[in-house]
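Now for the letters of each chain:
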Amino acid sequence: MREQSASLEEEPPDGGVPLSVAPAEAAPAAIADLSLPQTSPRPVRTPRRPSTSPGDAFRRRHFPGASRRDWNDWRWQMRNRLRSLGAVERVLQLTESEREAIRRHRGALPLGITPYYASLLDPLAADQPLRRAVMPSLCEFVVTPGEATDPLGEEHTSPVPGIVHRYPDRVLFLATSLCGVYCRYCTRARMVGDGGEHALRRSDLEAAIAYIEAHREVRDVLISGGDPLTLDDERLGWILARLRAIPHVEIIRIGTKLPAVLPQRITRGLVQTLRRFHPLWMSLHFTHPDELTPEVAAACARLADAGIPLGSQTVLLKGINDDVATLRALFHGLLRLRVRPYYLYQCDPIAGSAHFRTPVARGLELIRGLRGHTSGYALPTFVVDAPGGGGKIPLQPDPVVGRAGDELLLRNYEGRVYRYPDPVTPENRGEGGTCASA
Ligand SMILES: *Cc1c(COP(=O)(O)O)cnc(C)c1O
Ligand code: SF4
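Residues numbered from 1 in each chain as written. Chains lettered and ligands numbered in written order. Predicted model: local features only at pLDDT ≥ 70, side-chain atom pairs only at ≥ 80, totals over all residues.

Asker: Break down the overall build of the protein for me, with residues and values.
Answerer: Secondary structure assignment for the protein yields 17 helices and 12 strands. Taken over 438 residues, the protein has a buried fraction of 37%. Considering only contacts in the protein between residues 6 or more positions apart, those separated by 24 or more positions represent 77%. (Helix = DSSP H or I, 4+ residues; strand = E, 2+ residues; numbered from the N terminus. Buried ≥ 20, exposed ≤ 12 C-beta atoms within 10 Å, placed from the backbone. Contact = placed C-beta atoms within 7 Å.)

Following this line, the structure appears as structure tokens:
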């Protein structure tokens, strides 16, 4: 991909972003050093990166040759991801199922865990939620009825490589197949990490951008993958600049899990790049409250301080986050980081995912357990992505109990039934009455 870097077409207007690939990113600066315009006299209190972090002990033990500066360098983290049986075995005490699953694995959705995320894993307990989400198990090889490698039919709604155009006014732009960590329940398991983890070729990117240019109905482009933040600032900036130059593209969104699994990626340079392309929104993938570390808080603060509205996406996973207490802790924690819970996904029926999937009724029960008991902002929309390419279908517990004459009977969050006057006939609604023309 050197040729791509060499033919950048957009210079940053402020000249502030180094276009050459920077050597190791400087050790992350304290948040207060960011030269953001201050709109309020008192700066918003943002968490700093901790001066000593639990990652330190992990680093010294498992990466004795690495300095703290290495650890805080996202490229070092990417290069040193645990990608083999030997590498994870040095850090975790593996179960037979984990070991055998790694041995048997072929093709897409490889093993991949950043050292940072590995430092959050329980070395002994294979059933720890974070560990189950990223460590392969033999359950992945059990394919149950209704599962498919492309359950959402994305290949059928893909007019050119890298674009999924399912909704009238917005497209999904799959800009890379590379991720920081490979989630074992990934909806795009069929394509991520495939073929040696290459980014899309320059010609594919051009074709995808040309498609968006030619389709004036596309007002919203959601850049995903893979994880687009695995692209360096230069490449990402190039894609963003090309999209921003399209007059009918009103908003650009980035879907990423890196703030959760590689918070070191949210550098000052990245944020300076991103903020040039407003209105830019981000959807951050989070799975469990244990992911909300001080490093992650600092990363979210940087993004939020750059004026980027942050939403979250969470996949509902059996035994990982499928209880009210865990979800509440996650959603409350996210709101404190200025991340608005956006979607809670029913786990898609990708091949070998039955061990992660809860009944749809469970999701509704969890929403019922949260709604009204906490801030409305803490509640994401629970969605099923319809197999075959029907798009996301929101589900809600139905609060309508029935009717009693002209009254609608509604159940509130405490389970109590309330009557709301809602006449069905025009006369009773007062239509044609004296106030109708007011
Ligand atoms: C999820 C998704 C979008 C974005 O949907 P929103 O509900 O607008 O967040 C767009 N295209 C595809 C193919 C998607 O899967
Ligand atoms: S980060 Fe996203 S695309 Fe990558 S493996 Fe996880 S769910 Fe899939």
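Moving on from the model shown.
Asker: Account for the site of ligand 1, with residues named and values stated.
Answerer: Taken together, Val164, Arg166, Tyr167, Arg170, Leu172, Leu222 and Lys392 are the residues near ligand 1. A breakdown of the residues in the shell around ligand 1 according to their chemical character gives 4 nonpolar, no polar and 3 charged. (Near = placed C-beta within 6 Å. Nonpolar A, V, L, I, M, F, W, Y, C, P; charged D, E, K, R; others polar.)

Asker: Run through helix α16 (residues 360–370), naming residues and quoting values.
Answerer: Residues of α16 that are buried: Gly363, Leu366 and Leu370. The buried residues of α16 occupy an angular sector of 60° when the element is viewed end-on, so they sit on one face. Of the surrounding elements, those touching the buried residues of α16 are α15 (324–336), β7 (339–345), β8 (381–386) and β9 (391–395). (Arc of directions from axis to C-beta.)

Asker: I'd like a description of the confidence of the model for the protein, backed by residues and values.
Answerer: Chain-level pLDDT for the protein is 88 on average; 84% of the residues reach the 70-or-more range. The model gives residues 1–44 a pLDDT under 50, and that stretch makes 55 contacts with residues more than four places away or in other chains. (pLDDT = per-residue confidence, 0-100.)

Asker: Give me the lowdown on the site of ligand 2, citing residues and values where you can.
Answerer: Residues in close proximity to ligand 2 include Cys179, Tyr182, Cys183, Cys186, Arg188, Val192, Gly225, Gly226, Asp227, Lys257 and His285, which together make up its full environment. Split into classes, the residues belonging to the shell around ligand 2 amount to 5 nonpolar, 3 polar and 3 charged.

Asker: I'd love a proper account of the pairing of strand β12 (residues 417–421), names of residues and values included.
Answerer: With 0 of 5 residues buried, β12 is to be regarded as a mostly surface element. In the sheet, strand β11 (residues 407–411) pairs with β12 via 5 bridges, with the strands oriented antiparallel. Counterpart to Arg411 in the pairing with β12 is Val417. Taking the residues that link successive antiparallel strands as the turn, the β11-β12 hairpin has 5 residues, and the phi of Gly415 there is positive, at about 90°. (Pairing = 2+ DSSP bridges.)

Asker: Could you give an account of the sheet that holds strand β10 (residues 400–404), with specific residues and numbers?
Answerer: The sheet built from 3 strands is open, its strands ordered β10-β11-β12 with antiparallel pairing. Each edge of the open sheet carries a strand with a single partner, namely β10 and β12. Each strand axis lies, on average, 30° off the axis of its neighbour in the sheet, ignoring direction. Pairing between β10 and β11: 4 bridges, direction antiparallel. What sits directly across from Val400, in β11, is Leu410. (Axes fitted to C-alpha atoms, helices over the stretch in contact; angles between N-to-C directions.)

Asker: Go over unusual backbone geometry with me, naming the residues and quoting the values.
Answerer: Across the junction of Gly225 and Gly226, the peptide omega takes the value 15°, indicating a cis bond. By the element assignment, Gly226 lies in the loop between β3 (220–224) and α11 (233–244). Here the bond from His278 into Pro279 is cis, since omega is -5°, no more than 30 degrees from zero. Position of Pro279 among the secondary structure elements: in the loop between α13 (268–274) and β5 (280–285). A positive phi angle, near 50°, is found at Leu109, a position not held by glycine.

Asker: Provide a residue-level description of the pairing of β9, including the pertinent values.
Answerer: Looking at chain direction, β8 and β9 are connected through 5 bridges and run antiparallel. Note on β9: the bridge partner recorded for Ala386 is Gly391. Hairpin connection, β8 to β9: the antiparallel pair is bridged by 4 residues, and Gly388 has positive phi, about 95°.

Asker: Residue-level account of the sheet that holds β5, with values.
Answerer: Taken in spatial order, the 9 strands line up as β1-β2-β3-β4-β5-β6-β7-β8-β9 in an open sheet, and their pairing is mixed. Here the strands that pair on one side only, and so sit at the sheet edges, are β1 (163–164) and β9. Examined bridge by bridge, strand β6 (residues 310–315) and β7 share 6 bridges and lie parallel to one another. Bridged to Thr314 within β7 is Leu344.

Asker: Describe in detail the nonpolar core, supporting the description with residues and values.
Answerer: By size, the foremost hydrophobic cluster in this structure holds 90 residues, and its most contacted members are Val134, Phe173 and Tyr182. Residues in contact with Phe173, not counting those within four places in the same chain, are Gly162, Ile163, Ala208, Val221, Leu222, Ile223 and Ser224. (Core = buried A, V, L, I, M, F, W, Y, C linked by C-beta atoms within 7 Å.)

Asker: Please give an account of the environment of Gly391 that cites residues and values.
Answerer: Note on placement: Gly391 falls in strand β9. C-alpha separation for the pair Gly391 and Gly153, spaced 238 residues apart in sequence, amounts to 9.7 Å. The residues contacting Gly391, other than those within four sequence positions of it, are Arg166, Tyr167 and Ala386.

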